[in-house]
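The lines below spell out each chain.
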Amino acid sequence: MNVLIVEDEKALALEMNEFLSKEGYIVEHAWKKSSAEEKIFVNNYDFILLDLGLPDGDGFEVLKQLKNIKNRDDAVIILTARGAVDDRIKGLEEGADDYLPKPFSLNELMARMHAIIRRKHKLEKNEVKIHDFVLDIQNRTVSFNEERIPLTKKEFEIFNYLVLNKNRVVSRMSLTEHVWGDILEVNSDSNFVDVHVKNLRKKLTQCTLTDWFETVRSIGYRINY
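Residues numbered from 1 in each chain as written. Predicted model: local features only at pLDDT ≥ 70, side-chain atom pairs only at ≥ 80, totals over all residues. Heavy atoms only, no water.

A. Spotlight on the packing of helix 6 (residues 153–164) against helix 7 (residues 172–180). Two numbers describe how helix 6 lies on helix 7: the axes approach to 10 Å, and their chain directions differ by 125°. Comparing the axis directions of helix 6 and helix 7 gives the class oblique. The handedness of the crossing between helix 6 and helix 7 is right-handed. Contacts from Lys154, Glu157, Ile158, Tyr161 and Leu162 of helix 6 reach helix 7 at Ser174, Leu175, His178, Val179 and Trp180. Classifying every residue of the contact of helix 6 with helix 7 by side-chain character gives six nonpolar, two polar and two charged. (Axes fitted to C-alpha atoms, helices over the stretch in contact; angles between N-to-C directions. Helix = DSSP H or I, 4+ residues; strand = E, 2+ residues; numbered from the N terminus. Parallel < 35°, antiparallel > 145°, perpendicular 65-115°, else oblique. Left-handed = near helix turned anticlockwise from the far one by under 90°. Contact = heavy atoms within 4.5 Å. Nonpolar A, V, L, I, M, F, W, Y, C, P; charged D, E, K, R; others polar.)

Below you can see the structure in the form of structure tokens.
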């Protein structure tokens, strides 16, 4: 999953970057409102961690711009030193998914991100059962008959994204964006996505048949459940 951190306090941004990167997230930074809006215009994100007090404008303006773009479902967590109840209410009413006042624990941030994933995909817990496999969102593992399958980070992210969007066709472009990050840095002629999917499917098939893992010709992939 990819995350955009919109935060001008560089020490905090770097701390979040290091923490989230270790958790397997693809992280981008925007120090200003203007650069955040540019990135949002080009890329979709799984999470946007949004500070309100930016040097060239208010974070609420970034949130408003995001919500004016059609077919966007980026989850937004507002991170700010502002403690006023009115600001919290405004943020939630304008489309933010959660509000975390500074200072905050990075473990609490991660817990809130997991909670948003569960709500967004209507999950009761952090484990998702897909046929004979169990995907653990929190611990970032996939197991079969309680034995962990040795997936690479990218293979896990691919499976995770396809599982969370089960029964829907996920395009190669969308998969690239959510697993590798900034699509402008990706060579559209490369078949690296197909190679990673092929390796993932091979590891799953070594456990059992995976005819529910479908390749949709010229478009992308779908996990049927």
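Right, picking up where we left off after that structure.
B. Quick peek at the sheet that holds strand 12 (residues 170–171). The three strands lie next to each other as 12-14-13, forming an open sheet whose pairing is antiparallel. At either margin of the open sheet sits one strand with a lone partner, and together these are strand 12 and strand 13 (213–216). Helix 6 contacts strand 12, strand 13 and strand 14 (220–223) of the sheet and is inclined by roughly 65° relative to strand 14. Strands in contact with helix 8 (residues 192–205) are strand 13 and strand 14; relative to strand 13, the strand with the most contacts, it is inclined by about 155°. (Pairing = 2+ DSSP bridges.)

C. Geometry of the sheet that holds strand 10 (residues 141–144). A sheet is described by the order of its strands in space; here four strands give the open sequence 8-9-10-11, paired in antiparallel fashion. The two strands at the open ends of the sheet, each matched to only one other strand, are strand 8 (127–130) and strand 11 (147–148). Taken together, the two bridges between strand 10 and strand 11 define a ladder with antiparallel strand orientation. Considered in strand 11, the bridge of Ser143 is made with Arg148.

D. Examining the packing of aromatic side chains more closely. Throughout the structure, instances matching the rule amount to four aromatic pairs. A centroid spacing of 4.8 Å and a plane angle of 85° characterise the contact between Trp180 and Phe192, whose relative ring orientation is edge-to-face. Residue Trp180 is located in helix 7, and its partner Phe192 is located in helix 8; the two are separated by 12 residues in the primary sequence. Centroid distance Trp212 to Phe213: 6.4 Å. Interplanar angle 20°. Geometry classified as stacked. Given the relative accessible area of 7%, Trp212 is considered buried. Among the aromatic residues, those joined into a cluster by ring pairs are Phe133, Phe144, Trp212 and Phe213. Lys10 extends its terminal NZ or CZ atom over the ring of Trp31, reaching a point 5.2 Å from the ring centre. Between the NZ or CZ atom of Arg201 and the centre of the ring of Phe213, over which it lies, the distance is 4.4 Å. (Phe/Tyr/Trp six-rings, centres within 6.5 Å; stacked < 30°, edge-to-face > 60°. Buried < 20%, exposed > 50% of the residue type's maximum accessible area, 1.4 Å probe, protein only. Lys NZ or Arg CZ within 6 Å of the ring centre and 35° of its normal.)

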